[in-house]
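Chain by chain, the residues:
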Amino acid sequence: MNAPEFWVLVAFVIFVALVWKKASAAIGSLLDGRAEKIRAELDEAERLHKDAQALLNGYQRRLADAQKEAEAVLAHAREEAARLRAQAGTDLEASLKRREAQAVDRIAQAEAAALAEVRNLTVDVAIGASKRVLAGGLSPAQADTLIDQSISELPKHLH
């Protein structure tokens, strides 16, 4: 036991034991601090995850509401388009009926004018025939022949 190596070994073991005791306490407290920091970070991450999940759920609800609203607007637009289409069809039909009535009125006016013109022309032809009959002092047979001839010439004068 008198060997200096022995005492150096004993001193070294005591030194290591003391250092280990102090170091293990420091390492333990350091590890405990780190574990607490990691636990706090995990708790914060969990809280952030819950907040993010709540936000996601909120946005998904808003998206669903927006889609429902868009579908409602689209359905309303389709209904309005169908109503406008039906109204346009009704308006077009009414317009066509008015134009048809106007055309019928114009045709009736043109027919009346043509009939009046035919009457006037017939009167003119009859007056002309009467003048010739009266001026010539014709016999009734000749007068009948002239009237028949005037009537047969009447279509030429109408066109």
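The coordinates are above.
Now for a quick tour of the structure. (Residues numbered from 1 in each chain as written. Predicted model: local features only at pLDDT ≥ 70, side-chain atom pairs only at ≥ 80, totals over all residues. Heavy atoms only, no water.)

## Let's talk about the overall build of the chain
Part 1 of the reasoning: A tally of helices and strands in the chain yields 2 helices and 0 strands.
Part 2 of the reasoning: Here the C-alpha radius of gyration of the chain, 61 Å, is well above what a compact globule of 159 residues would show, namely 15 Å.
Part 3 of the reasoning: Counting over 159 residues, the chain shows a buried share of 6%.
Part 4 of the reasoning: If you sum the accessible surface of the chain, you get close to 13800 Å²; carbon and sulfur atoms cover 64% of it.
Part 5 of the reasoning: Taken together, the 21 basic and 23 acidic charged side chains of the chain have centroids lying 5 Å from each other. (Helix = DSSP H or I, 4+ residues; strand = E, 2+ residues; numbered from the N terminus. Rg over C-alpha atoms; globule rule 2.2 N^0.38 Å. Buried < 20%, exposed > 50% of the residue type's maximum accessible area, 1.4 Å probe, protein only. Areas by Shrake-Rupley, 256 points an atom, 1.4 Å probe, with all protein chains shown as cover. Lys, Arg positive; Asp, Glu negative; His and termini not counted. Charge placed at Lys NZ, Arg CZ, Asp CG, Glu CD.)

## A closer look at the environment of aspartate 148
Part 1 of the reasoning: Structurally, the position occupied by aspartate 148 is in helix α2 (residues 140-158).
Part 2 of the reasoning: Look at aspartate 148 and you get exposed, because its relative accessible area is 52%.
Part 3 of the reasoning: In this structure, the C-alpha to C-alpha distance between aspartate 148 and alanine 129, residues 19 residues apart in sequence, is 9.8 Å.

## Considerations on the pattern of salt bridges
Part 1 of the reasoning: Under the criterion given, the structure shown has 5 salt bridges.
Part 2 of the reasoning: A salt bridge links glutamate 36 to arginine 39, with the nearest nitrogen and oxygen atoms 2.8 Å apart. Taken together, the residues glutamate 36 and arginine 39, both in helix α1 (residues 4-136) and 3 residues apart, mark about one turn of the helix.
Part 3 of the reasoning: Judged by its relative accessible area of 45%, arginine 39 falls in the partly exposed class. (Salt bridge = Lys/Arg side-chain N within 4 Å of Asp/Glu carboxyl O.)

## Points about the packing of aromatic side chains
Part 1 of the reasoning: The tally for this structure, following the rule as stated, stands at 1 aromatic pair.
Part 2 of the reasoning: Taken together, a centroid distance of 5.4 Å and an interplanar angle of 70 degrees make the contact between phenylalanine 6 and tryptophan 7 edge-to-face.
Part 3 of the reasoning: Relative accessible area serves as the criterion here: at 34%, phenylalanine 6 is assigned to the partly exposed category.
Part 4 of the reasoning: Classification of tryptophan 7 by relative accessible area gives partly exposed; the value is 48%. (Phe/Tyr/Trp six-rings, centres within 6.5 Å; stacked < 30°, edge-to-face > 60°.)

## Some thoughts on the environment of arginine 132
Part 1 of the reasoning: Considering the arrangement of structural elements, one finds arginine 132 in helix α1.
Part 2 of the reasoning: For arginine 132, a relative accessible area of 47% translates into the label partly exposed.
Part 3 of the reasoning: A C-alpha to C-alpha distance of 12 Å links arginine 132 and glutamine 149, two positions 17 residues apart in sequence.

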